[in-house]
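Analysis of the macromolecular model
As a plain string of letters, each chain reads:
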Amino acid sequence: MKNKILILLFVLAANLFSQEIRIDKIEPPNWWVGMKMSSIQLMIYGKNLANYKATFNSHYISVRKIYRNKNTDYSFIDVSISDKAKPGRYKLLFQKEGKDVIVEFPLYKRENSKNIHQGFNQNDIIYLIVPDRFSDGDTTNNIVKGLINDFNPYSPNGRHGGDLQGIINHINYFNELGVTALWLTPVLENNTSVSYHGYAATDLYKVDPRLGTNEKYKELVKDAHKAGLKIIYDHVSNHVSINHPWVSNPPTKDWFNGSKNNHLNVWHDKMVLWDIHGVDLTKEHLTKGWFVNEMADLNQSNPFVANYLIQNTIWWIEFAGIDGIREDTYPYVDSKFSSEWAKKIFEEYPKFNIVGEVWTGEPAFLAPFQKNSSLNIKYNTNLPVVTDFALQNAYESFLKGNSNLYSIFSVLAKDYLYENPNNLLTFVDNHDLVRAMFNTDGNADKVKIVFTHLLTSRGIPEIFYGTEIGMTGGKEDGLKRSNFPGGFPTDTLNAFLEKGRNQKQSNLFNFFQELIKLRKKYKSLTEGKLLHLPPHNNVYAYSKKYKNETTIILLNGDNEIKKVDMNLIESLSKKNPVLYDLMNDSNVEIVDGKILLKPMSANIFLVE
């Protein structure tokens, strides 16, 4: 027995003092030749990652610096790639105490295609999808071994099985509707309960297996591009899940702002960034506080974290060929980092576009986040597009009956604050908001009014999946993100098909379809200069002019017939205009110098 104990102690001591190096993973897992970012920083995962040497087997790719790191489960290496480097599987040799470990680091050839990295603009119509709730195209991946099993299609907060294959299966539907870009909520691995939405990542280089694979995501992008659709990637720099391996074993002491057991809670006071009377404490809680206790707040002021996030973003852009990014929780991230992050992306991809989520309904607080803003004297955000929550708030107020159309007009009257009002992401509802039909208690006419304005005023419009068929949802997050009917095995109604829609769904779908067709046909509705009149008697009149084309939009927000004087129409267009009703395909009747508007109606006229 004594000898067994001595042997066991010997083995334990040998393991304890063993300094043999072990390499488990390298991120990024590869790079590409011909990139402007030819100097990258590798993050090495393993054991005993200290006092080692590292070299490549080619002078076209070289190790510039190995950083000393207190946590020897991680190491960071600066690498330079020559502009003469060729694609190939290069060998990275680690040497320590006479032992060698060799790993492959591939350099790939960049894809040379005209329809990748296209960006997005006011000519697009973005369609927002929560993949888990859209369509289950592969039922075999609903439960995956090694990942938390929260598959429960009967629970609003469970996983329902939607995936990337389900989206691929319905590309024809997007074309039928007429949208031009797809924004998917995050698709990365979220090995966390109640994380079907994707915003609590546990691996930043891996698609969640319940949604598909990295290659399946790349297939989706390619198929979308073939169909004339763009793809917008939902990215999060602010936080990761508390189940991310970093949380229990941080790469550096300051990898996170605080720790799981000791951290600030976020204060959602985004205006403090521009408030000349604000105190540092409020800003600290905004940028260093944890969004929720289940999401660990990354410290982007740590240069290793910053490098990791910038490279990770560029890796996904290059790997998948995506066209744009929606950046989650934008104001909560270190502002110096965010500016540099965007700058690096546009240096590599000049045609790209990024929209930052800034959840505030005040244009004066929204505007400074847009790049080149004269209101932001502190720094240039380099962020082209911001989310127009101010307009969304006005839409919501009108739908609920809390205000009239003047609230919408008053938001646009403040467009002088923005560097570029056309570079605003406009929307009525989204994955975080109560749906339009819920807010208006099923009043489709009101919904048609706000979406007519959305698709004919200014900005880059977004439609939340299912809104086009009148999905109602509920107040809870899981109900807001209800399943699209027809996307799941037990569905009895298939709203993806014309014959599968009921009358109410067909009515609203046809409205969206025809409105989008008009938007695409008449350039004035997308790129035209906007002129508007203050709403009178709850009638909002505005025009859009592009070159020799002018369209007039009249919105009647009341449940009674309204009369509009032609002199108001002339102020928006020209003397004695002849009007053609584009939505009803007929001439406009003028009676005693007035146009009659039906109750609660949206009207689009072409000036001939």
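What this report covers is the structure whose coordinates are included nearby. (Residues numbered from 1 in each chain as written. Predicted model: local features only at pLDDT ≥ 70, side-chain atom pairs only at ≥ 80, totals over all residues. Heavy atoms only, no water.)

1. Concerning the overall build of the chain
Applicable threshold: By definition, any uninterrupted DSSP run of H or I lasting at least four residues is a helix, any uninterrupted run of E lasting at least two residues is a strand, and each is numbered from the N terminus. Note on method: radius of gyration uses C-alpha positions; expected globular size equals 2.2 Å times residues raised to 0.38. Burial classes: relative accessible area under 20% of the type maximum marks a residue as buried, over 50% as exposed, and values in between as partly exposed (1.4 Å probe, protein chains only). Note on contacts: a residue pair is in contact if any heavy atoms of the two residues lie within 4.5 Å. Accessible surface is estimated by sampling points in the Shrake-Rupley manner with a 1.4 Å probe; for residues, cover comes only from the protein chains shown.
A count of helical and extended segments in the chain gives 17 helices and 29 strands. Computed over the C-alpha atoms, the radius of gyration of the chain is 27 Å, within 12% of the 25 Å expected from 2.2 N^0.38 for a compact globule of 608 residues. The buried share of the chain, taken over its 608 residues, is 58%. Across the chain, the fraction of contacts at a sequence separation of at least 24, relative to all contacts at a separation of at least 6, is 72%. Within the structure as shown, the chain displays about 26600 Å² of accessible surface, and the carbon and sulfur contribution to it stands at 50%.

2. Describing the environment of Pro245
Checked against the element boundaries, Pro245 lands in helix α5 (residues 245–248). Each C-alpha atom, one on Pro245 and one on Val447, is 45 Å from the other, the two residues being 202 residues apart in sequence. If we skip the residues at most four places from it in the chain, Pro245 touches Tyr74 and Thr202.

3. Section: the pattern of salt bridges
What counts, and what does not: The salt bridge criterion pairs a side-chain nitrogen of Lys or Arg with a carboxyl oxygen of Asp or Glu, the two atoms within 4 Å.
Using the criterion set out here, one finds 33 salt bridges in the structure. Across the pair Arg22 and Asp24 runs a salt bridge whose closest N-O atoms are separated by 2.9 Å. Overall, the relative accessible area of 42% leaves Arg22 in the partly exposed class. By relative accessible area, which is 47% here, Asp24 ends up partly exposed. Of the charged contacts in the structure, one is a salt bridge between Lys400 and Glu396, with a shortest N-O distance of 3.2 Å.

4. Re the layout of surface pockets
Selection criterion: Lining residues are those with an atom within 4 Å of a point, where the points come from a 1 Å grid over the protein atoms alone and group into cavities, where a 1.4 Å probe fits but cannot get out, or pockets, open sets with protein on both sides within 12 Å along at least five of seven lines. Grid points are joined across faces, edges and corners, and a volume is the space filled by probe spheres set on the points. As a working rule, the residues Ala, Val, Leu, Ile, Met, Phe, Trp, Tyr, Cys and Pro are called nonpolar, Asp, Glu, Lys and Arg charged, and the rest polar, with Gly in that last group.
By volume, the largest pocket amounts to about 720 Å³. Those elements that place two or more of their residues in the lining of the largest pocket are α13 (444–456), α15 (503–521), β26 (586–587), β28 (594–597) and β29 (601–607). Empty space within the second largest pocket amounts to approximately 570 Å³. What lines the second largest pocket is a set of 25 residues, among which His197, Phe291, Met295, Asp432 and Asp477 lie closest to the centre. In terms of residue class, the lining of the second largest pocket is made up of 10 nonpolar, 9 polar and 6 charged.

5. Some details on the packing of aromatic side chains
To describe a pair of aromatic rings, one takes the distance between the centres and the angle between the planes. Worth spelling out the cut-off: Under the pairing criterion, centres of Phe, Tyr and Trp rings, with the six-membered ring standing for Trp, must be within 6.5 Å; the plane angle then separates stacked pairs below 30 degrees from edge-to-face pairs above 60, leaving the rest tilted.
In the structure shown here, the tally under the stated rule is 43 aromatic pairs. Consider the rings of Phe134 and Phe484, whose centres lie 5.4 Å apart with planes at 55°: the pair is tilted. Pair noted here: Phe134 is in the loop between β9 (126–129) and α2 (164–168) and Phe484 is in the loop between α14 (477–480) and α15, with a separation of 350 residues, a long-range link. Across this residue pair, the class does not change: Phe134 and Phe484 are buried. When the centroid spacing of 5.1 Å and the interplanar angle of 55° are considered together, the rings of Tyr406 and Phe409 count as tilted. Of this pair, Tyr406 and Phe409 both sit in helix α11 (residues 406–412), 3 residues apart, which is roughly one turn of the helix. By relative accessible area, Phe409 is classed as buried at 9%.

6. Some points on a nonpolar patch on the surface
Note the cut-off: Patch rule: a residue counts if its relative accessible area is over 30% and it has no salt bridge; like charges are joined within 9 Å, and nonpolar side chains (Val, Leu, Ile, Met, Phe, Trp, Tyr) within 5 Å.
The grouping of Trp267, Val279 and Leu281 at the surface amounts to a nonpolar patch, some 270 Å² of accessible area in total. Along the chain, Val279 turns up in the loop between α5 and α6 (280–288).

7. A few points about the sheet that holds strand β27 (residues 590–591)
For clarity, the threshold we go by: When DSSP locates at least two bridges between a pair of strands, those strands are taken to pair.
Read across the sheet, 3 strands follow the order β24-β28-β27 without closing on themselves; strand pairing throughout is antiparallel. Since the sheet does not close on itself, it has two edges, and those belong to β24 (562–565) and β27, each with one partner. Bridge count between β24 and β28: 4 bridges; the pairing is antiparallel. Residue pairing for β28: Lys563 is matched across the bridge by Leu596.

8. Notes on empty space enclosed by the protein
Tallied over the full model, the rule gives 5 cavities of 30 Å³ or more. The space that makes up the largest cavity amounts to roughly 90 Å³. Around the largest cavity, the lining residues are Pro186, Leu188, Gly198, Ala201, Leu204, Tyr233, Asp234, His235, Val236, His239, Val240 and Asn312. Contributions of two or more residues to the lining of the largest cavity are made by β13 (230–235) and β14 (239–241). Counting residues per element, the lining of the largest cavity draws most heavily on β13, which supplies 3 residues. For the lining of the largest cavity, the class distribution of residues is 7 nonpolar, 4 polar and 1 charged.

9. Quick notes on the sheet that holds strand β2 (residues 31–32)
Read from one edge of the open sheet, 4 strands run β2-β8-β7-β4, paired in mixed fashion. Sheet topology places β2 and β4 (53–56) at the edges, where each strand pairs with a single neighbour. Judged from the 9 bridges that link them, strand β7 (residues 88–96) and strand β8 (residues 99–108) form a sheet pairing that is antiparallel. By the bridge assignment for β8, Leu93 is matched with Ile102.

10. Points about α15
Our working definition: The span you would expect from a helix comes to 1.5 Å times its residue count less one. A 3.5 Å cut-off defines polar contacts: any pair of N or O atoms within that distance qualifies, except that in protein one atom must be a possible hydrogen donor and the other a possible acceptor, and neighbouring residues in sequence count only when both atoms are side-chain atoms.
The end-to-end C-alpha distance of α15 is 27 Å, a good match for the 27 Å that 19 residues give at a rise of 1.5 Å each. In the core, the buried residues of α15 are packed alongside α3 (171–177), α12 (436–439), α13, β20 (460–464), α16 (524–527) and β29. Measuring from the side-chain oxygen of the N-cap residue of α15 to the backbone nitrogen of Lys504 gives 3.2 Å; that N-cap residue is Asn502.

11. Some points on the pairing of strand β21 (residues 529–532)
Across 4 bridges, the pairing between β21 and strand β22 (residues 539–546) is antiparallel. When the bridges of β22 are listed, Lys529 appears paired with Lys545. Between β21 and β22, which pair antiparallel and follow one another directly, the connecting turn spans 6 residues, one of which, Asn537, has a positive phi of 60°.

12. Quick word on the environment of Thr360
The topology assignment puts Thr360 in the loop between β17 (353–356) and α9 (363–366). On a C-alpha basis, the gap between Thr360 and Asp388 in space is 8.3 Å, while along the polypeptide they are 28 residues apart. When sequence neighbours within four positions are dropped, the list of residues in contact with Thr360 reads Lys270, Phe365, Leu366, Phe389 and Ala390.

So yeah, pure geometry; function would need other evidence.
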